[in-house]
Amino acid sequence: GLFMTRGLNYGIDFRGGIMIEIRTPSPGNIGQMRSDLSDLGLGEISIQEFGEVTDYLIRVQKQEGGDKAQQVAVERVKATLPSNIEYRRTEFVGPQVSQELFRDGVLAVLFAIFGILAYIWFRFEWQFGLGAIIALTHDVVTTIGIFALTGLEFNLSTVAAILTIAGYSINDTVVVYDRVRENLRKYKTMPLPELLNNSINETLSRTVMTSVTTLLALGSLYLLGGEVIRGFSFGMIWGVLIGTYSSICLAVPLLLYLNVDRGTATRMTPTAQEPAE
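For clarity, every value in this text was computed on a predicted model and none was experimentally measured. (Residues numbered from 1 in each chain as written. Predicted model: local features only at pLDDT ≥ 70, side-chain atom pairs only at ≥ 80, totals over all residues. Heavy atoms only, no water.)

Let us now look at the side chain of Ser199. Along the polypeptide, Ser199 turns up in helix α8 (residues 192–224). The class for Ser199 is buried, based on a relative accessible area of 0%. (Helix = DSSP H or I, 4+ residues; strand = E, 2+ residues; numbered from the N terminus. Buried < 20%, exposed > 50% of the residue type's maximum accessible area, 1.4 Å probe, protein only.)

Considering all chains together, one arrives at nine salt bridges under this definition. The closest approach of N and O atoms between Arg88 and Asp55, which form a salt bridge, is 3.5 Å. Here Arg88, found in strand β5 (residues 86–93), pairs with Asp55, found in strand β4 (residues 52–61); they are 33 residues apart in sequence, far enough to count as distant. A relative accessible area of 3% means that Asp55 is categorised as buried. One salt bridge in this structure joins Arg181 and Asp178, with 3.1 Å as the shortest N-O distance. Of this pair, Arg181 and Asp178 both sit in helix α7 (residues 156–186), three residues apart, which is roughly one turn of the helix. (Salt bridge = Lys/Arg side-chain N within 4 Å of Asp/Glu carboxyl O.)

Moving on, we come to helix α4 (residues 66–80). Given a rise of 1.5 Å per residue, 15 residues ought to cover 21 Å, and the 22 Å separating the end C-alpha atoms of α4 matches this to within 8%. Taken residue by residue, α4 has Ala69, Gln70, Ala73, Val74 and Val77 as its buried positions. Buried residues of α4 fall within an arc of 140 degrees about the axis and therefore sit on the same side. For α4, the exposed residues lying more than 90 degrees away from the buried face are Lys68, Gln71 and Ala79. Structurally, α4 contributes buried residues whose contacts are with β2 (17–23), α3 (30–38), β4 and β5. (Expected span 1.5 Å × (residues − 1). Arc of directions from axis to C-beta. Contact = heavy atoms within 4.5 Å.)

See the structure below:
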């Protein structure tokens, strides 16, 4: 709903615009540079630290009037900034390139989801595959929703975060599903709700510990990594949280509604080492 009503704050990757990478002799004053450039009337301008404390990335929204207007905007930016600045890179992302990047990003996410669906379907059962994809789609949609809610920039690094979230989330789901399948062949008469609940409890400590240790690293990236990867780090933090939740509270309970076949799950796995109840 947020995506349809508020939309996303697309970055230059998807909207097109000007990207200028600069290096200053000493750590610069981002606030002052941002104030000076905002007075030029060029529309949205963002400045981020890029690597070293003396490296900065300036993004200027696409100007009306074609390539000539973009060149004029670049010259105005250079005239406003101090003369001792080194310009390391100046790029213009045109509308055609931005459309291709957006299309490729969407295709990458869709191909990843369908590939995961095929693997889970082949490795387990169609009920497991469908449950995993519903949970995975839930993670992707809520991640897009949180970016729409917060207004954070949605760019190619965000797409990379979504793809990483997909891999992380499905890893948790597969671990729980594997325990469910193991218990299906061990306890053939146990009521399914109780069996699923036991399977979740048996893998809960592993799931929580993995998520917590991952969040420690992501928290460091978010706090210390700078503006360049802050969007990626935020997306990953949200994705780990929502992915852990969906693996426990969504993927496994869906098996109840999908009526997972005990007999097929038993036939697809080796003979149980423990006697059935």
